[in-house]
Amino acid sequence: MKTRVLLIRHGATIVSTQDPFAGSSNVPLSEEGRQQASKLAERLSHGRLDAVYCSPMDRTIETATIIGAPHDLKPTSIPGIREIDYGNWEGLEKSVVASNFSGNWEQWQEDPYAVAPAGGESGVRVLSRALPALLSIVEENRGKTVAVIAHKGTNRLLISSLLGLDVRRFRDRLDQKPAALNILDFDLHFKAFLCLFNDTSHYER
């Protein structure tokens, strides 16, 4: 009896084109992001969906609400799967961080899993809360299909860990586009099988 998790990144936000660090910043979806989420909702409307979960950020809640609507499902907020908190880097673009926090920036670039941005979270800390949260969702939904809407960094850390990849390379080996769909099947022993990764074919619908 498998449990299927549709692990999804939220749609594009109003700052996506600027690309600042906005992990714990509560930025909303852009109109493009809403369209991306709507196209994914249409794609998923023809299949089974038993529950929808999301992080407690506006961008994930809105994405999850759009995806759950065709199934009459309201999202359940799970704090553990929120995005990385970038601390003092929040709201700043990479060039500014590299200039103003040069030592911390260089260390973080070398190992973002072990090193935290000043005042923020390391990848280790994010995974220590996100993985138990995801596995709890799997445990509560044995044999069902659920959608989990989270974030770029969080998703990459979760997938790296579940597949036994080098989590220290989560930023430069894996991508997550806005409203990307990943599908993970879990067996009775919580072993994960990746069936689909970073798919955005619904953009063309």
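For the structure itself, consult the block above.
Residues numbered from 1 in each chain as written. Predicted model: local features only at pLDDT ≥ 70, side-chain atom pairs only at ≥ 80, totals over all residues. Heavy atoms only, no water.

Visitor: Just to check I follow, could you spell out the side chain of His10 for this structure?
Guide: Position of His10 among the secondary structure elements: in the loop between strand S1 (3-9) and helix H1 (31-44). The contacts of His10, once residues within four sequence positions are left out, are Leu29, Arg59, Thr60, Thr63, Ile149, Ala150, His151, Pro178 and Ala179. (Helix = DSSP H or I, 4+ residues; strand = E, 2+ residues; numbered from the N terminus. Contact = heavy atoms within 4.5 Å.)

Visitor: Hey, could you run me through the nonpolar core in this one?
Guide: Proteins that are soluble and globular tend to have nonpolar side chains buried together. Ranked by internal contacts, the top residues of the largest apolar core, which has 35 residues, are Val5, Val148 and Phe186. Looking at this core, the element that brings in the most residues is helix H5 (residues 123-140), giving 8 residues. Ignoring sequence-local partners within four residues, the contact set of Val5 consists of Leu134, Val138, Val146, Val148, Asn182, Ile183, Leu184 and Phe186. With 16 residues, the next largest nonpolar core counts Leu40, Ala64, Ile67 and Ile183 among its residues. (Core = buried A, V, L, I, M, F, W, Y, C linked by side-chain atoms within 4.5 Å. Buried < 20%, exposed > 50% of the residue type's maximum accessible area, 1.4 Å probe, protein only.)

Visitor: How should I be thinking about a nonpolar patch on the surface in this particular structure?
Guide: A grouping of Leu163, Leu165, Leu194 and Phe197 is seen on the molecular surface, where their side chains present a nonpolar patch of about 290 Å² in accessible area. Looking at the element boundaries, Phe197 is found in strand S6 (residues 192-199). (Patch = residues over 30% accessible without salt bridge, like charges linked within 9 Å, V, L, I, M, F, W, Y side chains within 5 Å. Areas by Shrake-Rupley, 256 points an atom, 1.4 Å probe, with all protein chains shown as cover. Salt bridge = Lys/Arg side-chain N within 4 Å of Asp/Glu carboxyl O.)

Visitor: Is there a simple way to explain the pairing of strand S2 (residues 51-54) in this structure?
Guide: Side chains on a regular strand alternate between the two faces of the sheet. Residue alternation in S2 divides its side chains into two sets, Ala51 and Tyr53 and Val52 and Cys54, and both sets are buried. Alignment of S2 against strand S4 (residues 145-150), held across 4 bridges, turns out to be parallel. Within S4, the position partnered with Tyr53 by the bridge is Val148. Where S2 and strand S3 (residues 76-77) come together, 2 bridges link them in parallel fashion. When the bridges of S3 are listed, Cys54 appears paired with Ser77. Taken together, S2, helix H2 (residues 58-68) and S3 form a β-α-β motif whose crossover is right-handed. (Pairing = 2+ DSSP bridges. Right-handed = clockwise from strand over helix to strand, strands pointing away.)

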